[in-house]
Amino acid sequence: MIHHSNENTLLDDANSPDINKQLMGAISSDFVLVADQLKEASYQIRTRGFSEFPIFVASRRDVPIGQLLIGADELSNQWNYKATFVDEFVQRNLIGPESVELFKENYKKPDEYCCLFVVQGDFAGFVYIPYPED
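Sequence order as written defines the numbering, with residues in each chain counted from 1. Only residues with pLDDT of at least 70 are given local features in this predicted model, and only at 80 or more are side-chain atom pairs given and counted; all residues enter the totals for whole chains, interfaces and linings. Heavy atoms from the whole structure form the basis of all side-chain values; hydrogens and water molecules are not counted.

1. So, the pairing of strand β3 (residues 80-85)
Within a regular strand, side chains alternate between the sheet's two faces.
Phase 1: Burial within β3 is extensive, with five of its six residues counted as buried.
Phase 2: Looking at chain direction, strand β1 (residues 54-59) and β3 are connected through six bridges and run antiparallel. Pairing of P54 across the sheet is with F85, part of β3. Here the term buried applies to any residue with accessible area under 20% of the maximum for its type, exposed to any over 50%, and partly exposed to those in between, with areas from a 1.4 Å probe on protein chains only. Numbering of helices and strands runs from the N terminus, with a helix taken as a DSSP run of H or I at least four residues long and a strand as a DSSP run of E at least two residues long. Pairs of strands are assigned from DSSP output, requiring at least two bridges between the strands.

2. Notes on unusual backbone geometry
Phase 1: The residue D73 is not glycine, and still its phi comes out positive at about 75 degrees.
Phase 2: In this fold, D73 is placed in the loop between β2 (67-70) and β3.
Phase 3: Its relative accessible area of 62% is what places D73 among the exposed residues.
Phase 4: Of note, N93 is a non-glycine position whose phi angle comes to about 60 degrees, a positive value.

3. Considerations on the sheet that holds strand β5 (residues 123-130)
Phase 1: Spatial strand order, β2-β3-β1-β4-β5: five strands in an open sheet with mixed pairing. Two strands lie at the open edges of the sheet, namely β2 and β5, each paired on one side alone. For this sheet the average axis-to-axis angle between neighbouring strands, irrespective of direction, equals 35 degrees.
Phase 2: Of the pairings in the sheet, the one linking β2 to β3 comprises three bridges and is antiparallel in character. Pairing of I70 across the sheet is with Y81, part of β3. Each axis is a line fitted through C-alpha atoms, and for a helix only the stretch in contact is used; angles between axes span 0 to 180 degrees, taken between their N-to-C directions.

Below you can see the structure in the form of structure tokens.
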């Protein structure tokens, strides 16, 4: 995670190994259970014109960001998944307005990767997980 000019800015440096290894390990097995639903939700968010940059918030506890898409235990998963987009992160000062372009430049292809904002304990960060191939 990189902090840019705004101390309220949270950005990922494209899955830096040090920070994201822990988050990727924590979420990977759960992600497989919900990947198809998240991929479809990402497609719907983009094709309906809500945002070109969907973000899914993954957490075990309730966090006040996004709209609940998949609750824990809904698909034998342990995490909650909420749908949102970059605009809400800017509104909540999680991404500074001056860093939006940098976020968009680093955003990976949404048909191939899921942009997850993983909240685990007191730590939170962006990770991109490839969708399983059919």
